Amino acid sequence: MKINWGVGITALYLGFVAMILLLVSMSIGQKIDLVTEHYYEEEVGFQDKIDKKERSAALTEPVKWEVTAKNISIVFPGNVQQADLTGEIKLYCPSNDKNDRKFKIAPHEHTQIIPVGNIPEGTYHLQIDWKNKEQTYWTEDVIVINHQ
């Protein structure tokens, strides 16, 4: 049985169209999360964030943290007055924005404990945006929360 060249070309084009339609339908169902819904407003303050990072890097005693199965322990520098310490701690989950969490900075003896029992397991970006009197600082790192 011989196939006519016109039938072959038609089959090739129909196969190509079917493949494109499959790829389009798969891409429609793909979930894409942005870091923030207010992307352009965040971009304007990017230089301020760079300045905060540089101030954090220049500290003689940096912010430290430890992640355990029960909590995240964040230790602020000892030379900071606790009453002057304000800011926010964010846990940003790149894979699912529903797992993102925010906490106000309220340390007890320079240490803030964040229980992880109600935070889903996974990889998070720990972002600490804090202020001591008039100086602002930014510290960030990637952490893994594992309840085991």
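Up top is the structure these notes are about.
Please read all numbers here as calculations on a predicted model, not as lab measurements.

Please clarify how the overall build of the protein chain should be interpreted in this entry.
Along its length, the protein chain carries three helices and seven strands. When the helices and strands of the protein chain are placed in sequence order, the string is α-α-α-β-β-β-β-β-β-β. Against the globule reference of 15 Å for 148 residues, the protein chain gives a C-alpha radius of gyration of 25 Å, more extended than a compact globule. Judged by the C-alpha coordinates and their principal axes, the protein chain covers about 90 × 40 × 25 Å. Counting only residues that meet the buried cut, the protein chain has 22% of its 148 residues in that class. Only carbon and sulfur atoms are counted for the fraction: they give 58% of the accessible area of the protein chain, which is about 10,600 Å². Taking the average place of the 15 positive charges on the side chains of the protein chain and the average place of its 20 negative ones, the gap between the two points comes to 4 Å.

For this particular structure, what's the right way to read the sheet that holds strand β6 (residues 122-132)?
Picture the strands of a sheet paired through backbone hydrogen bonds; they go either parallel or antiparallel. With antiparallel pairing, four strands are arranged side by side in an open sheet as β4-β3-β6-β7. Edge strands, defined here as strands with exactly one partner in the open sheet, are β4 (101-104) and β7 (135-145). Neighbour-to-neighbour, the strand axes of this sheet turn through a mean angle of 15°, independent of strand direction. In this sheet, β7 lies alongside β6 in antiparallel orientation, the contact comprising 11 bridges. When the sheet's bridge partners are listed, H125 is paired in β7 with V142. Lying over the sheet, helix α3 (residues 46-57) contacts β6 and β7, oriented at roughly 85° with respect to β7.

Would you take a moment to explain the side chain of T139 for this structure?
Following the sequence through the fold, T139 ends up in strand β7. What makes T139 buried here is its relative accessible area of 12%.

When you look at the pattern of salt bridges in this model, what are you seeing that I'm missing?
Under the definition given, this model contains four salt bridges. For K52, the salt bridge identified is with D48, shortest N-O distance 4.0 Å. Taken together, the residues span about one helical turn, with K52 and D48 both in helix α3 at a distance of four residues. Look at K52 and you get buried, because its relative accessible area is 11%. Across the pair D129 and K52 runs a salt bridge whose closest N-O atoms are separated by 3.0 Å. Of this pair, D129 sits in strand β6 while K52 is found in helix α3, placing the two residues 77 residues apart along the sequence. The network of salt bridges with shared partners includes D48, K52 and D129.

Just to check I follow, could you spell out unusual backbone geometry for this structure?
Both trends apply: most residues other than glycine have a negative phi, and most peptide bonds are in trans. For E109, which is not glycine, the phi torsion reads 55° and is therefore positive. Within the element layout of this structure, E109 appears in the loop between β4 and β5 (111-115). Its relative accessible area of 59% is what places E109 among the exposed residues.

Teacher, can you tell me more about the nonpolar core here?
Generally speaking, a soluble globular protein has its nonpolar side chains buried in company with each other. Ranked by internal contacts, the top residues of the largest apolar core, which has 20 residues, are I72, I74, F76, L91, I128, W130 and I145. Among the elements of the structure, β2 (71-75), β3 (85-92), β6 and β7 are those that each provide at least two residues to this core. Apart from residues no more than four positions distant in its own chain, L91 is found in contact with I72, N99, D100, R101, F103, I119, Y124, H125, L126, I143 and I145.

About the criteria used
Residues numbered from 1 in each chain as written. Predicted model: local features only at pLDDT ≥ 70, side-chain atom pairs only at ≥ 80, totals over all residues. Heavy atoms only, no water. Helix = DSSP H or I, 4+ residues; strand = E, 2+ residues; numbered from the N terminus. Rg over C-alpha atoms; globule rule 2.2 N^0.38 Å. Buried < 20%, exposed > 50% of the residue type's maximum accessible area, 1.4 Å probe, protein only. Areas by Shrake-Rupley, 256 points an atom, 1.4 Å probe, with all protein chains shown as cover. Lys, Arg positive; Asp, Glu negative; His and termini not counted. Charge placed at Lys NZ, Arg CZ, Asp CG, Glu CD. Pairing = 2+ DSSP bridges. Axes fitted to C-alpha atoms, helices over the stretch in contact; angles between N-to-C directions. Contact = heavy atoms within 4.5 Å. Salt bridge = Lys/Arg side-chain N within 4 Å of Asp/Glu carboxyl O. Core = buried A, V, L, I, M, F, W, Y, C linked by side-chain atoms within 4.5 Å.

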